[in-house]
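Overview (structure and organization)
Given next are the chains, with one letter for each unit.
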Amino acid sequence: EDQVTQSPEALRLQEGESSSLNCSYTVSGLRGLFWYRQDPGKGPEFLFTLYSAGEEKEKERLKATLTKKESFLHITAPKPEDSATYLCAVRRSQGNLIFGKGTKLSVKP
Amino acid sequence: GAVVSQHPSWVICKSGTSVKIECRSLDFQATTMFWYRQFPKQSLMLMATSNEGSKATYEQGVEKDKFLINHASLTLSTLTVTSAHPEDSSFYICSASTGRGNQPQHFGDGTRLSIL
């Protein structure tokens, strides 16, 4: 069964304290892994797409990496404005996305 | 670019009422639109996929007669919750994609539906 598991469920960091979020997946016919950021009461905001193992993408303090079984979202020197829920999703061969439950990140000043 | 607008953002209505939610792609043509439902602290659950000009494809367990989807143009899809009941209360989110290659889905800001 296709599945996406994110860990941890919640993460509290001090401003400037770097860390990583994990997304483990099992899917047949992977057609891309996507990271989104979701603020409370809002829809997900697209961050990155990764297609093949070894691929990396960066945007400001965020860096996403991909292996054959998991993806990491590294956050370097986070700021309070990085606080949000980060969602991972995989696209199946049929084209639809399967989402994980997300990691709720809180960054305290 | 890739802006998706969803309206309304919040709806409160009585049980038995039908509610229509609109999803528009503002700066691109969306061949495919998706409708999701999200419960607190849960992941987004795909309800249905709609392609412009054709009938929507519903996920298993989603009642197509209750959740009517229309995708009449490349920039507009609507979800109508018919005869809504309290158990239909949820956060509904649409997304849109050009459908080309592996382009990402871009999401609207969701509609909070509360049925009294």
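Residues numbered from 1 in each chain as written. Chains lettered and ligands numbered in written order. Predicted model: local features only at pLDDT ≥ 70, side-chain atom pairs only at ≥ 80, totals over all residues. Heavy atoms only, no water.

All right, on to the environment of Gly99 of chain B then. Here Gly99 of chain B shows up in the loop between β9 (90-97) and β10 (106-107). Separated by 67 residues in the primary sequence, Gly99 of chain B and Thr32 of chain B have C-alpha atoms spaced 5.8 Å apart. (Helix = DSSP H or I, 4+ residues; strand = E, 2+ residues; numbered from the N terminus.)

Residues and elements named next belong to chain B. Taken in spatial order, the four strands make up an open sheet running β1-β3-β8-β7, and their pairing is antiparallel. Only two strands of the sheet have a single partner each, and these edge strands are β1 (4-7) and β7 (67-73). In this sheet, neighbouring strand axes are inclined to one another by 15° on average, regardless of whether the strands run parallel or antiparallel. Here β1 runs beside strand β3 (residues 19-25); their pairing, made up of four bridges, is antiparallel. Within β3, the position partnered with Val4 by the bridge is Ser25. (Pairing = 2+ DSSP bridges. Axes fitted to C-alpha atoms, helices over the stretch in contact; angles between N-to-C directions.)

The subject of this paragraph is the environment of Lys42 of chain A. Position of Lys42 of chain A relative to the elements: it lies in the loop between β4 (33-38) and β5 (45-50). Accessibility expressed as a relative area gives 39% for Lys42 of chain A, which makes it partly exposed. Separated by 19 residues in sequence, Lys42 of chain A and Arg61 of chain A place their C-alpha atoms 21 Å apart. Excluding anything up to four places from it in sequence, Lys42 of chain A contacts Phe91 and Asp109 of chain B. (Buried < 20%, exposed > 50% of the residue type's maximum accessible area, 1.4 Å probe, protein only. Contact = heavy atoms within 4.5 Å.)

Attention now moves to the side chain of Thr49 of chain A. By the secondary structure assignment, Thr49 of chain A is in strand β5. Take Thr49 of chain A: its relative accessible area is 5%, and that puts it in the buried class. Residues within four places of Thr49 of chain A in sequence aside, it is in contact with Leu33, Phe34, Glu55 and Lys57 of chain A together with Pro104 of chain B.

The subject of this paragraph is the sheet that holds strand β6 (residues 56-59) of chain A. Residue and element names in this part refer to chain A. Strands sit in the order β1-β3-β8-β7-β6 across an open sheet of five strands; the sheet is antiparallel. Single-partner strands in this sheet number two, and they are β1 (3-7) and β6. In this sheet, neighbouring strand axes are inclined to one another by 15° on average, regardless of whether the strands run parallel or antiparallel. Inspection of the sheet shows β6 paired to strand β7 (residues 62-66) by four bridges, in the antiparallel sense. Residue Lys59 lies in a different strand from β7, and its bridge partner there is Leu62.

The next thing to look at is the state of the cysteines. Enumeration according to the criterion identifies two disulfides over all chains in this entry. Through a disulfide, Cys23 of chain A is tied to Cys88 of chain A; the S-S separation comes to 1.9 Å. The chirality of the disulfide connecting Cys23 of chain A with Cys88 of chain A is left-handed, given an S-S dihedral of about -60°. Pair noted here: Cys23 of chain A is in strand β3 (residues 19-26) and Cys88 of chain A is in strand β9 (residues 84-91), with a separation of 65 residues, a long-range link. Considered together, Cys23 of chain A and Cys88 of chain A belong to a single accessibility category, that of buried residues. Here Cys23 of chain B pairs with Cys94 of chain B through a disulfide, and the sulfurs are 2.0 Å apart. Taking the torsion about the S-S bond as the criterion, the Cys23 of chain B to Cys94 of chain B disulfide, at about 80°, is right-handed. Taken together, the residues Cys23 of chain B in strand β3 and Cys94 of chain B in strand β9 connect sequence positions 71 residues apart. Cys23 of chain B gets classed as buried once you look at its relative accessible area, which sits at 0%. Cys94 of chain B sits in the buried class, given a relative accessible area of 0%. As a non-bridged cysteine, Cys13 of chain B has Cys94 of chain B as the owner of its nearest cysteine sulfur, 18 Å distant. (Disulfide = S-S within 2.5 Å.)

With that settled, the discussion passes to the pairing of strand β11 (residues 103-108) of chain A. The two faces of a sheet get side chains in turn, since along a regular strand they alternate between them. Residues and elements named next belong to chain A. Pairing geometry for strand β2 (residues 10-14) and β11, over five bridges, is parallel. Across the sheet, Ala10 pairs through a bridge with Lys104, a residue of β11. The sheet contact formed by β9 and β11 spans three bridges and is antiparallel. Each residue of the ladder has a partner; that of Thr85, found in β11, is Lys104.

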